Amino acid sequence: MEFSALLTSAGINIGLCALLLSLYSVLRKQPHNYGVYFGRRLAEEKFRQQVDYFSLERLLPTAGWIVKAYWCTEEEIRRVAGLDSVVFLRLFIFSIRIFSITSLVCIFGVLPVNYHGKETNHGRIPAESLNVFTIANLKEGSRMLWVHCVALYVITISACILLYYEYKYISRKRLAHITGSPPDPGHFSVLVRSIPKSDNELLDDTIRNFFVNYHGSSYLSHQMIYRKGSMQKFVDNAERVYRKFVRVKMSSFGQSRRSDLSRCGLCGVRASSFQQYRNKFINSKKPDLSDPEVIEAQKDCPGAIVFFKTRYAAIVASRILQSSNPMLWVTDFAPEPRDVYWSNLWIPYRQIWLRKIATLAASVAFMFVFIVPVAFVQSMMQLDQIEQLFPSLKNMLKKPFFVKLVTGYLPSVVLLLSLYTVPPLMMFFSSIEGSISRSGRKKSACCKILFFTIWNVFFVNVLSGSVLNQLNVFTRPRDMPSMLAELVPKQATFFITYVLTSGWASLCSEILQVYNLVYNFFRKCIFCYRDDPEYGYSFPYHTEVPKVLLFNLLGFTFSIMAPLILPFLLVYFCLGYLVYRNQILNVYYPKYEMGGKLWPIMHSTLVFALVLTQTIALGVFTIKHATISSGFTILLIIGTVLFHQYCSHRFSSIFNSFSAQDLIEMDRDDEQSGRMEEIHKHLLDAYSQGTTNMDNSSSSRNGGAPIEMIMEDPAQDAQDSNQELCDAVKEVTGSIQEHADEM
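Numbers given for residues are sequential positions, taken from 1 along each chain in its written order. Predicted model: local features are reported for residues with pLDDT of at least 70 only, side-chain atom pairs are reported and counted for 80 or more only, and whole-chain, interface and lining totals are derived from all residues. Computation of side-chain values: all heavy atoms of the structure, hydrogens and water removed.

- An unreviewed UniProt entry annotates the chain as CSC1-like protein RXW8 of Oryza rufipogon.
- UniProt positions are given in the numbering used here, feature names are shortened, and annotations may be inferred rather than shown by experiment. According to its UniProt record, the chain has this under Subcellular location (unreviewed entry): "Membrane".
- Taken verbatim from the UniProt record of the chain, the Sequence similarities (unreviewed entry) comment is "Belongs to the CSC1 (TC 1.A.17) family."

The structure is reproduced here in structure tokens:
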């Protein structure tokens, strides 16, 4: 591909980005789009919608959102979006720093060496082939290869120093997050599965007797996990109606009447008839352990959540074996209430390893099936193959502009569209895998998408989509460095255009929220619905983290092979830093917290990218007969692996477990201040199997008591309470109708 084709692709993407960013700055000012571009603020009820009046300012594009996103402090981001958002943005900060250094070294040092590698008569730069800017332009035995070796050392040492300080910084942030956050019910709770069933004893008594016997001094209580019934769903729907009613009243009467409206049943000052019903239902619907239906229901109970008096006792109980048989009384640290993935708690513990093997096999099979669209994308890079596939385009492909468009832009667009099918499928695999938490499911999906992306986007494209070449990698692993060294520089042009389309354009598509914008248009303009804060979107870490890590891998790999990719990557990271800060502050609602556990995955992937870069460089130096450079590269690989091992031993345990010192000090502070009794009261109501995750999350962030849990009653004697609930719902509906008449 010629340099002019690259300029064509860059021009198309620059124009598209400018158009989409200008369109976003206009659309975000329109009142009917507040639900799309300010979803987080609406979910937290901190955004006051403006009156829909005509204003010329709303039709003019501005850059005020960039200034607000840039000047927002890291502490403000952590407070409104959690530690995970801070960790994700630190990945961009690291990328900007390392690729600023890499661009200076490679653009001004390596690129001129590549360009003048062979003694040829260079013409005009737009007419030059991009191959003259790669390391493939150097002849064998060239003495200038030491420049590439020195540049590789500078990049590796700089990256390791920055990675170490980032790991250390984020570790401190995680420790501060654990010790400084409000009391989390998950720190006092343990999930117990594979409970042995007895014919002579109820399961409830079995759990109580076991933990009283072996954890008597620290055991507090436990909660059985039952299936949701129709009564539970009806109560959840009524709760949603009541919350909407309160929200309508608050938005109608304004801030001046907030003091009166705060005295609703949810706040506990003055109970409404609906809240009186809830309390009566909770107090009266205690399971009758002598009822045969209750006994039958307990036989289907998959486990229980056991509460302990202290954090330290809970972490000890979750980490040690409870029985000599490791398949019985299996304990695990319970996720926080809003993070529990209730659907997977019904999976028998003995099936989990089978599910993991099955999902792993399905993921690997899908990775190889996806070779077909990747091979088609690679065929689009060759004009002769396009003419064979589409004979009708033969005359059109003779025009220079269409040649540049087809070879420089369309292949990466086709690959980008094909990749949209990957995240939903990988999330489905992670759901049936058996994770007990939503964050664990998203973390598993993130790893699957990361492996899939690196293999299919990088390795399969490098190997030109040929199945025979991919099989040679497995049959001849010793030849892998030389094979990659020969093929990677040839694919530099494709990956440069891929950064432009999948990088720049996807960022603009992310900030524009195309899908949500279209959905909001039909929902509000066609069906006349209002904004519903119940449906806030959480940040898609499982799709965005692999994407950013892939661009880091491309930047490291092509830094000395094809330095032309570095300026485009640096623009992507700078633009992405601003875009994602804006999205985190305004759009995405943090429904649960992972506590920064994605950073070890990021760190390991970045180190893998460094080692892969060094391995490819070793193959290039071997092919070019640069013996001295090859020897120094081997030492660099060993040093990078040792650095990764040191960081893992030094920091990774902080992300996998809690320290006894911190937990004991937190327990002592709560006991001395008298908060421990209040925490124990809230534990029994913290875990709800209903659909009130958003209310629970808001109450947890505010440090207050979560909404009471309605335990499912397996007995069928709820007709009177059902009628009373119907009356309460009718009362709420009547109040809404009266308020509508007043309006």
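1. A look at the sheet that holds strand 4 (residues 330-333)
Phase 1 of the analysis: By the convention used here, strands pair only if DSSP detects at least 2 bridges between them. Per the convention used, a helix needs a DSSP run of H or I reaching at least four residues, while a strand needs a run of E reaching at least two, with both numbered from the N terminus. The 4 strands are arranged 2-3-1-4 in an open sheet whose pairing can be described as antiparallel. A strand with exactly one partner marks an edge of an open sheet, and here the two such strands are strand 2 (219-224) and strand 4. Taken pair by pair, the neighbouring strands of this sheet meet at an average axis angle of 30°, ignoring direction.
Phase 2 of the analysis: Relative to strand 3 (residues 303-308), strand 2 runs antiparallel, the two sharing 5 bridges. Within the sheet, the bridge partner assigned to M224 lies in strand 3 and is A304.
Phase 3 of the analysis: Along the sheet, helix 8 (residues 203-214) makes contact with strand 1 (189-193), strand 2 and strand 3, crossing strand 2 at roughly 160°. Each axis is a line fitted through C-alpha atoms, and for a helix only the stretch in contact is used; angles between axes span 0 to 180 degrees, taken between their N-to-C directions. Contacts between residues were defined by any pair of non-hydrogen atoms, one from each residue, lying within 4.5 Å.

2. Some thoughts on the packing of helix 6 (residues 83-115) against helix 27 (residues 599-623)
Helix packing for two helices is described by the angle between their axes and how far apart those axes are.
Phase 1 of the analysis: At a closest axis distance of 10 Å, the pairing of helix 6 and helix 27 adopts a crossing angle of 25°. Between helix 6 and helix 27, the interaxial angle falls into the category roughly parallel. Here helix 6 and helix 27 pass one another in a crossing that is right-handed. Facing helix 6, whose interface residues are V87, F88, L91 and F94, helix 27 presents W599, M602 and L606.
Phase 2 of the analysis: All amino acids are sorted into three groups, where Ala, Val, Leu, Ile, Met, Phe, Trp, Tyr, Cys and Pro are nonpolar, Asp, Glu, Lys and Arg are charged, and the leftover types, Gly among them, are polar. Each residue belonging to the contact of helix 6 with helix 27 can be placed in one class, and the counts come to 7 nonpolar, no polar and no charged. Our angle categories are set so that under 35 degrees counts as roughly parallel, over 145 as roughly antiparallel, 65 to 115 as roughly perpendicular, and the remainder as oblique. By definition, turning the near helix anticlockwise from the far helix through less than a right angle yields a left-handed crossing, and turning it clockwise yields a right-handed one.

3. Focus: the pattern of salt bridges
Pairing is possible between side chains of opposite charge, provided their charged atoms come close.
Phase 1 of the analysis: Whenever a carboxyl oxygen of Asp or Glu lies within 4 Å of a side-chain nitrogen of Lys or Arg, that contact is scored as a salt bridge. Within this structure, the stated rule accounts for 13 salt bridges.
Phase 2 of the analysis: We note a salt bridge from D667 to R311, for which the minimum N-O separation is 2.9 Å. Separated by 356 residues along the polypeptide, D667 in helix 29 (residues 660-673) and R311 in helix 13 (residues 311-319) bring together distant segments of the chain. There is no split in this pair, since D667 and R311 are both buried.
Phase 3 of the analysis: If you follow the salt bridges from partner to partner, you end up with E74, R90, R97, E166 and K173 in one network. Relative accessible area decides the class of each residue, using a 1.4 Å probe on protein chains only: under 20% of the type maximum gives buried, over 50% gives exposed, and in between gives partly exposed.

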